[in-house]
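# Structural overview for review
Here are the chains, one letter per residue:
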Amino acid sequence: MDRCDVRNVRVLGTKNGDVVFFTLMINGVFINNCKVVSGKNGDFIALPQYKGSDDKWYNHVYLSLSDEDTKTILDMVQDSINNAE
């Protein structure tokens, strides 16, 4: 990943806990409404989705990130949250 940046980080409180949304910029391409999801194997990045007429969810964007890239992005999101407080 040559150039990566995290922008517009926002934490929304829900009845199921906090959800973190952010904009991911990779090599000049902006991907809005990414979010951090807590899974059974730790946090991961969920890309924007839409619900089809068949009630299934589909990704707007497909992105293959290495474990290292994912960790870097999650660290940048956390740093942005920490700096906003």
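Residues numbered from 1 in each chain as written. Predicted model: local features only at pLDDT ≥ 70, side-chain atom pairs only at ≥ 80, totals over all residues. Heavy atoms only, no water.

### Observations concerning the sheet that holds strand β4 (residues 42–46)
Within the open sheet, the four strands sit side by side as β1-β2-β3-β4. Their pairing is antiparallel. Looking at which strands have only one partner, the edges of the open sheet turn out to be β1 (4–14) and β4. This sheet shows a mean twist of 25° between the axes of neighbouring strands, independent of strand direction. In the packing of helix α1 (residues 67–84) onto the sheet, contacts are made with β1, β2 (17–26), β3 (29–39) and β4, and the angle to β1 comes to roughly 60°. (Pairing = 2+ DSSP bridges. Helix = DSSP H or I, 4+ residues; strand = E, 2+ residues; numbered from the N terminus. Axes fitted to C-alpha atoms, helices over the stretch in contact; angles between N-to-C directions. Contact = heavy atoms within 4.5 Å.)

### Description of the nonpolar core
Counting 14 residues, the largest nonpolar core has Phe22, Leu24 and Val77 as the members making the most contacts within it. If you list the elements that add at least two residues to this core, you get β2, β3 and α1. When sequence neighbours within four positions are dropped, the list of residues in contact with leucine 24 reads Cys4, Asp5, Val6, Val29, Phe30, Ile31, Cys34, Leu63 and Ile73. (Core = buried A, V, L, I, M, F, W, Y, C linked by side-chain atoms within 4.5 Å. Buried < 20%, exposed > 50% of the residue type's maximum accessible area, 1.4 Å probe, protein only.)

### Regarding the pattern of salt bridges
Side-chain pairs of opposite charge can arise where the charged atoms are in close proximity. This model, assessed by the stated rule, comprises two salt bridges. Linking arginine 7 and aspartate 5 is a salt bridge whose minimum nitrogen-to-oxygen distance equals 2.9 Å. When its relative accessible area of 36% is taken as the criterion, arginine 7 is described as partly exposed. For aspartate 5, a relative accessible area of 28% gives the class partly exposed. A salt bridge links aspartate 75 to lysine 71; the nearest nitrogen and oxygen atoms lie 2.8 Å apart. One end of the pair is aspartate 75 and the other is lysine 71, both in helix α1 and four residues apart, which spans about a single turn. Residue classification places aspartate 75 among the partly exposed positions, given a relative accessible area of 36%. (Salt bridge = Lys/Arg side-chain N within 4 Å of Asp/Glu carboxyl O.)

### Description of the state of the cysteines
Evaluation of the coordinates by the stated rule reveals zero disulfides. Residue cysteine 4 stays outside any disulfide, its sulfur separated by 9.7 Å from that of cysteine 34, the closest cysteine. On the basis of relative accessibility, which here comes to 23%, the residue cysteine 4 falls in the partly exposed class. With relative accessibility at 0%, the residue cysteine 34 sits in the buried group. (Disulfide = S-S within 2.5 Å.)

### What to know about α1
Taking 1.5 Å of rise per residue, the 18 residues of α1 would be expected to cover 26 Å, and the 26 Å separating its terminal C-alpha atoms lies within 8% of that figure. If you check which residues of α1 are buried, you get Asp69, Thr70, Ile73, Leu74, Val77 and Ile81. Projected down its long axis, α1 shows its buried positions confined to an angular sector of 130°, all on one face. Exposed residues pointing more than 90 degrees away from the buried face of α1 are listed as Glu68, Lys71 and Asn83. For α1, the secondary structure elements touched by its buried residues are β1, β2, β3 and β4. (Expected span 1.5 Å × (residues − 1). Arc of directions from axis to C-beta.)

So far we have only geometry, and geometry alone does not tell us how the molecule works.
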